[in-house]
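# Secondary and tertiary structure notes
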Amino acid sequence: MTGLGAVFRPQLPPERLRAVVELADASGLEELWLWEDCFREGGISAAAAALAWSERVRIGVGLLPVPLRNVAITAMEAATLYRLFPGRPVLAVGHGVQDWMGQVGARAESPVTLLREHLDALRALLRGERLTVQGRYVKLDDVGLDWPPAGPVEILAGAGGPRTLRLSGAAADGTVLTASTAPDGVRRARQLIDEGRESAGRTDAHKVVVYLLTATGPGAAARLRAELAEEGLESVPDLGVAGDAGAVAKAVQRLVEAGADTVVLQPTGDEPDPEAFVRFAAEEVRALVP
């Protein structure tokens, strides 16, 4: 079955999160995704609260920018979530927006090298390994977690460019693609991910999560056009969807046919009713997505 989720966008204040989480949990939504966008909600703190307020919905964080985070801290926080809420956290790491990284003095000269070192160390620490590493960016001296996850966990990577997509295939357990990825982009991403997997000799499963910019209800088409224009994406074909559950389900299916395993509906930044959007995804769109 295709995975289906929705985004709680960080343009909303943190105090709105609980109502959305509780509705997602009660309505049967499979995954609710959060973002650690600068300089809004923190990804781990918001995820911990969301997991505590819910019983069954999976909570994704897509993504944690690695330039902001020492890998040992990332591993400690991730392991804590995995142990407290087994099977429900979904964590992705990535380069982050380079302009934002520059604002806080954390911009890396080689983001790909940093991400590779962070992924390798993070996944090893979460497997319970003890590491001594002297990389270009990641430096650890006999570091191991006292409380690693009780079993295997997945770490996803956010990726867009060819080098990062190949890296994700080689070094991550899944890939998160932004809402600027049309079906043709998903197909190309899958090819590059598979190239990375082949180079690393990996034969395990690799989940691809794709955000789908979605507008429904009154003024949906206008809101979608405005957001695409704001992002400079208005000329990209097959990007985003506006309409009822049937239209959205068809857009989801196009991404699935292109290689997505999970599609996460991303409301426009001016979505007037986030709770209704979650209910729409969980009850109306889910019924039409096999």
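Look above for the structure.
Here's a quick rundown of the structure. (Residues numbered from 1 in each chain as written. Predicted model: local features only at pLDDT ≥ 70, side-chain atom pairs only at ≥ 80, totals over all residues. Heavy atoms only, no water.)

The full count for this structure, using the stated rule, is 24 salt bridges. Residue Glu 22 is joined to Arg 18 by a salt bridge in which the shortest nitrogen-to-oxygen separation is 2.9 Å. Here Arg 18 and Glu 22 lie together in helix α1 (residues 17-27), a separation of 4 residues that amounts to about one turn. Taking relative accessible area as the criterion, Arg 18 reaches 43% and is therefore assigned partly exposed. The salt bridge partner of Asp 37 is Arg 40, with a shortest N-O separation of 3.9 Å. Overall, the relative accessible area of 19% leaves Asp 37 in the buried class. According to the relative accessible area criterion, Arg 40 is partly exposed, its value standing at 42%. Several salt bridges converge on common partners, so that one network encompasses Arg 123, Asp 173, Asp 194, Arg 197, Arg 202 and Asp 204. (Salt bridge = Lys/Arg side-chain N within 4 Å of Asp/Glu carboxyl O. Helix = DSSP H or I, 4+ residues; strand = E, 2+ residues; numbered from the N terminus. Buried < 20%, exposed > 50% of the residue type's maximum accessible area, 1.4 Å probe, protein only.)

By the criterion of burial, strand β9 (residues 207-215) is predominantly enclosed, with 9 of the 9 residues buried. Across the two faces of β9 the burial is the same, with Lys 207, Val 209, Tyr 211, Leu 213 and Ala 215 and Val 208, Val 210, Leu 212 and Thr 214 all buried. The pairing of strand β8 (residues 174-177) with β9 spans 4 bridges and is classified as parallel. Its bridge partner lying in β9, Thr 175 is registered against Val 208. In terms of handedness, the path from β8 via helix α7 (residues 183-199) over to β9 forms a crossover that is right-handed. Pairing geometry for β9 and strand β11 (residues 262-267), over 6 bridges, is parallel. Paired with Val 209 across the strands is Thr 262, a residue of β11. (Pairing = 2+ DSSP bridges. Right-handed = clockwise from strand over helix to strand, strands pointing away.)

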